[in-house]
Amino acid sequence: MLLQSLPSLILILGVVVAVPAKEKRVHRHSDLSDHAHDDSTGFHYDHEAFLGKEEAKTFDQLTPEESKDKLGKIVDRIDTDKDGFVSHGELHQWIKHRQRRYIEENVLKHWKEYDQNKDGKIGWEEYKNTTYGYYLDEEFDDVDDKASYKAMLTRDERRFRTADRDGDGIATKDEFTAFLHPEEYDHMKAVVIQETVEDIDKNGDGKITLDEYIGDMFTPENGESEPDWVLTEKKHFTEIRDTNKDGFLDNHEVAQWILPGEIDHTDNEAKHLIHETDTDKDGRLSLSEVMDKVDFLKSSTLTDYGGMLADEGHQEL
């Protein structure tokens, strides 16, 4: 999905001042990967799901021999019962582990940035001053898109206040995790839905039209024709997403779209990886099957080798 983001740096009075990046919207549990899950255009989604987002980038630079060596060590790590095969259950748990690891590392990175007084907590004022700083005093007068930054501040505060369950204006590590990754918490779902509607609803009527729905994903350039996937998305909008058939997506319908609670995305990805890799169709993966599909798997969430090393205290596996 193509999302627009605001500039990350602005030079004012000779000083480079950090400008907050627009919070990404949560769609289809994107923590598994930022790529679309479409094998016809490549295996980037599976790559990041198997390896982890950051290490997937490093893994791509390895030689074929190095890739196979790393994959062998990963398979041994996933095979917890040491029977020589990776079962669906073992793969499911591994992907969940990589997802949790990503969230933990992401929160730790931002925690160090925002806990300015090092007291082990992050207050709203502390976050606001660190994120928006200079612009607060000037009321965003020196920012070209002043309305957008004000809206971002309002949005951040709303999300922070919702995450701050005891209402003391100070976020614990768990509350800050809910702030950064609201899709992981039931009490944050309303915020996720509201932010999604606000992002796509360009005319501000509180509902999403078909044009707004498609426009958020695809904008043709220079007479470009619509690709087949756009036609499929239009069909999904009218036949699946718009359950009451009024031509719009309301909050309830958006909730069913982006937060379908009955769907376990990590389980689905485990099933998908086994389906694509299990050549003898016995429902499990052998080391030889993994090696035969090295190009496919090295681009999936399975292979966060760097994260594995961190888990083992940087000891060789």
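Note that this is a predicted model, so its numbers are computed, not measured.

1. Let's talk about the overall build of the protein
When helices and strands are counted, the protein shows 16 helices and 6 strands. When burial is assessed residue by residue, the protein has 44% of its 317 residues classed as buried. Counted over contacts in the protein with a minimum sequence separation of 6, partners at least 24 positions apart contribute 63%. Element-wise, carbon and sulfur atoms account for 50% of the exposed surface of the protein, whose accessible area totals about 16,800 Å².

2. Considering the packing of helix α9 (residues 189-200) against helix α12 (residues 251-258)
Two numbers describe how α9 lies on α12: the axes approach to 9 Å, and their chain directions differ by 105°. Regarding the angle of α9 to α12, the classification is roughly perpendicular. Of the residues in α12, those in contact with V192, I193, T196, V197 and I200 of α9 are N251, V254, A255, W257 and I258. Tallied by class, the residues present in the contact of α9 with α12 amount to 8 nonpolar, 2 polar and no charged.

3. Here's the deal with helix α7 (residues 146-163)
Here α7 contains 18 residues, and its C-alpha end-to-end distance of 26 Å stays within 8% of the 26 Å for a straight helix at 1.5 Å per residue. Burial in α7 covers these residues: Y149, M152, L153, R155, D156, R159, F160 and A163. Looking straight down α7, one finds its buried side chains confined to an arc of 165°; they lie on one side. Away from its buried face by more than 90 degrees, α7 exposes A147 and T154.

4. Describing the nonpolar core
Formed by 21 residues in total, the largest nonpolar core has its most connected members in I122, Y127, F160, F176 and F179. If you look at the next biggest cluster of nonpolar residues, it comprises 17 residues, including Y213, M217, A255 and W257.

5. A few points about the UniProt feature "domain: EF-hand" (unreviewed entry) in the protein
UniProt feature "domain: EF-hand" (unreviewed entry): in the numbering of this structure it lies at residues 66-101, 102-137, 151-186, 188-223 and 265-300. The span residues 151-186 carries 58% helix and 6% strand; its end-to-end C-alpha distance comes to 24 Å. Helix and strand shares over residues 188-223 are 50% and 0% respectively, and the end C-alpha atoms of the span are 41 Å apart.

6. What about the pattern of salt bridges?
Counted according to the given criterion, the structure contains 13 salt bridges. The residue E125 makes a salt bridge to K128 at a minimum N-O spacing of 3.2 Å. In this pair, E125 and K128 are both assigned in helix α5 (residues 124-132), 3 residues apart and thus about one turn of the helix distant. The class of E125 is partly exposed, set by a relative accessible area of 44%. Here K234 makes a salt bridge to E226, at a shortest N to O gap of 3.0 Å.

7. Here we look at the confidence of the model for the protein
Taken residue by residue, the protein gives an average pLDDT of 77. The fraction at 70 or more is 69%. For the protein, strand β1 (residues 9-12) is the element with the lowest average pLDDT, namely 23, and strand β5 (residues 170-171) is the one with the highest, namely 96. Taken as a whole, residues 1-30 scores under 50 in pLDDT and shows 81 contacts with residues more than four places along the chain or in a different chain. Taken as a whole, residues 312-317 scores under 50 in pLDDT and shows 10 contacts with residues more than four places along the chain or in a different chain.

8. Comments concerning the side chain of E175
Tracing the backbone shows E175 in helix α8 (residues 173-180). Buried within the structure, E175 lacks any salt-bridge partner; its nearest side chain of opposite charge belongs to R165, at an N-O separation of 6.9 Å. In contact with E175, not counting residues within four places along its chain, are A163, D164, R165, D166 and I170.

9. Thoughts on the packing of helix α4 (residues 88-114) against α8
A pair of packed helices is captured by two measures, namely the crossing angle of their axes and the spacing between those axes. In the contact formed by α4 and α8, the axes pass within 10 Å of each other and the chain directions differ by 105°. The orientation of α4 with respect to α8, classified from their angle, is roughly perpendicular. Taken together, the residues of α8 that come into contact with α4 (itself represented by I103, N106, V107, H110, W111 and Y114) are K173, F176, T177 and L180. Looking at side-chain class alone, the contact of α4 with α8 contains 6 nonpolar, 3 polar and 1 charged residues.

10. Details of the environment of E126
Residue position: E126 is located in helix α5. On a C-alpha basis, the gap between E126 and G169 in space is 9.9 Å, while along the polypeptide they are 43 residues apart. When residues no more than four places from it in sequence are discounted, the contact partners of E126 are Y114, D115, Q116, N117 and K121.

11. A few points about the packing of aromatic side chains
As enumerated under the stated definition, the model contains 12 aromatic pairs in all. Ring centres of W124 and F160 lie 5.4 Å apart, and the angle between their planes is 55°; on these two criteria the pair is classed as tilted. Placement of W124 in helix α5 and of F160 in helix α7 is noted, with a sequence separation of 36 residues between them. Of the residues examined, W124 reaches a relative accessible area of 2% and is grouped as buried. In this structure F160 comes out as buried when scored by relative accessible area, which is 1%. An aromatic cluster is present here, built from W111, Y114, W124, Y127, F160, F176 and F179 joined pairwise through their rings.

Definitions and cut-offs
All residue numbers here refer to positions counted from 1 along the written sequence of the relevant chain. Where totals are concerned, whole chains, interfaces and linings use all residues; where local detail is concerned, this predicted model gives features only for residues with pLDDT of at least 70, and gives and counts side-chain atom pairs only at 80 or more. The side-chain figures draw on all heavy atoms in the structure; neither hydrogens nor water molecules are used. Numbering of helices and strands runs from the N terminus; a helix is a DSSP stretch of H or I covering at least four residues, while a strand is a stretch of E covering at least two. Type-normalised accessible area, obtained with a 1.4 Å probe on protein chains alone, sets the label of each residue: buried when under 20%, exposed when over 50%, and partly exposed for intermediate values. Residue contacts are counted whenever heavy atoms from the two residues lie within 4.5 Å of one another. Per-residue and other accessible areas follow the Shrake-Rupley method at a 1.4 Å probe size, with only the shown protein chains counted as cover for residues. Angles here are taken between N-to-C directions and fall from 0 to 180 degrees, while the axes themselves are lines fitted to C-alpha atoms, restricted in helices to the stretch in contact. What sets the label is the angle itself: under 35 degrees gives roughly parallel, over 145 gives roughly antiparallel, 65 to 115 gives roughly perpendicular, and the rest give oblique. Three residue categories are used. Nonpolar comprises Ala, Val, Leu, Ile, Met, Phe, Trp, Tyr, Cys and Pro, charged comprises Asp, Glu, Lys and Arg, and polar comprises the others, including Gly. Under the convention used throughout, the expected extent of a helix is 1.5 Å for every residue step, that is, one less than its residue count. Taken from the helix axis, the directions to the C-beta atoms give the arc we talk about. The definition of a nonpolar core used throughout is a set of buried Ala, Val, Leu, Ile, Met, Phe, Trp, Tyr and Cys residues joined through side-chain atoms within 4.5 Å. UniProt positions are given in the numbering used here, feature names are shortened, and annotations may be inferred rather than shown by experiment. Think of a salt bridge as a Lys or Arg side-chain nitrogen and an Asp or Glu carboxyl oxygen that are within 4 Å of each other. pLDDT measures the predictor's confidence residue by residue and takes values from 0 up to 100. A residue counts as positive if it is Lys or Arg and as negative if it is Asp or Glu; His and the chain ends are not included. Side-chain rings of Phe, Tyr and Trp (the six-membered ring for Trp) are treated as a pair once their centres are within 6.5 Å; stacked means planes under 30 degrees apart, edge-to-face means over 60, and tilted covers the remaining angles.

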